[in-house]
Each structure stands twice: as structure tokens, then as C-alpha cells.
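An overview of the molecular structure
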Amino acid sequence: RSSDLLTELHKKRGELAQTVIDLNSQLQQKDRDIQASDAQIAEYLQTIESLENECQDLRSKLQELEKVNQVLKDEYDALQITFTVLEGKLRETLEENQDLVKRWMAEKALLADQINLENEKDVKKQQNRLQKELAEAAKEPLPLELDDDEIEDRKST
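Below is a summary of the structure that appears in this document. Model, not experiment: these values are computed from the prediction.

What about the overall build of the protein chain?
When helices and strands are counted, the protein chain shows two helices and zero strands. Relative to its 157 residues, the protein chain shows a buried fraction of 1%.

Structure representation (C-alpha cells):
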């Protein structure tokens, strides 16, 4: 019975030794897997850090662009206000110009009417003077001295 027990113990010892070898092999494989996972984790952490840096750079650029955009919006608003004011001034100036042109034209029309009246008065005065001169000239007898030839010519006509 002792030899059976000893055989059994050797057998058990062999089985346990094989189990230890198998477990050591599994442990080594798990260590390799852990090392591979650790390497992949380190790579992922590096990628995460790189992406976080890139994200921070993009946030900074976005803030800068938002500032520039706000400046441009402010400038646009200021230019729009200036344009509106200038447009109003232009409209007022054009209206004032039209009013001045109308007033100038009315003034020139009045002046032309006055000049025409004065010219008509001058023409009437001149006509009256000419009529008086003609009337006076018609009252005065004109001495006519006719040559004999002229008398003959008048008689024949």
C-alpha cells in the first residue's frame, strides 16, 4: 500500500509539476499581454496628450478668430452707421440743391420778365419817338428841285 501511495504521490507530483509549468507559461503569456497592453496604453496616452494639445491650440485660434470677427463686426456696424448718416446728408444736400435750383430759376425768370418789360418799354419809347419824328417830318414841306428830265419821267408814269 505504501508503494501505491508513493506511486500516487509521484503521479500527483508530476501532475502538479505540469500544472505549475502550465501556470508559469500562462503567467508569462499574461505578462506579455500586460506589457503589450501597457505599451498600447502609453501610445493611447501619448495620442490623447497630442490631441489635447491640438484641441487647446484650436481653442486658442478660435478665440483669436472670434476676437477678429468681433472687431470686423464692430467696424462694419460703425461703417454702416456712417453710411446711413452720409446717405441722409446726401439726400438733404440733393433736396437743398433742388430747392436752390428752383429758386434760382424762379429768380432768373423774374429777371428775364423784368428785362423783357424794360425792353418792351424801350421799344415803345423808340416807336413813339419815331412816330413823333415821322409826324413832324410829315408836317414840314420838303422843297423839291426836280430836273427837267425827272419831271418828264414823272409825267410819263
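Notes on a nonpolar patch on the surface
A cluster of nonpolar residues, Ile41, Tyr44, Leu45 and Ile48, forms a patch on the protein surface that exposes about 400 Å² of accessible area. Along the chain, Ile41 falls in helix α1 (residues 2–139).

Thoughts on the pattern of salt bridges
All told, the structure shown has two salt bridges when counted by the stated rule. The salt bridge involving Asp99 is made with Arg103; its shortest N-O contact spans 3.4 Å. One end of the pair, Asp99, and the other, Arg103, are both in helix α1, four residues apart, so they sit about a helical turn from each other. Judged by relative accessible area, which is 52%, Arg103 ranks as exposed. A salt bridge links Glu133 to Arg129; the shortest N-O distance between them is 3.0 Å.

Reading guide: rules and limits
- Residues numbered from 1 in each chain as written.
- Predicted model: local features only at pLDDT ≥ 70, side-chain atom pairs only at ≥ 80, totals over all residues.
- Heavy atoms only, no water.
- Helix = DSSP H or I, 4+ residues; strand = E, 2+ residues; numbered from the N terminus.
- Buried < 20%, exposed > 50% of the residue type's maximum accessible area, 1.4 Å probe, protein only.
- Patch = residues over 30% accessible without salt bridge, like charges linked within 9 Å, V, L, I, M, F, W, Y side chains within 5 Å.
- Areas by Shrake-Rupley, 256 points an atom, 1.4 Å probe, with all protein chains shown as cover.
- Salt bridge = Lys/Arg side-chain N within 4 Å of Asp/Glu carboxyl O.

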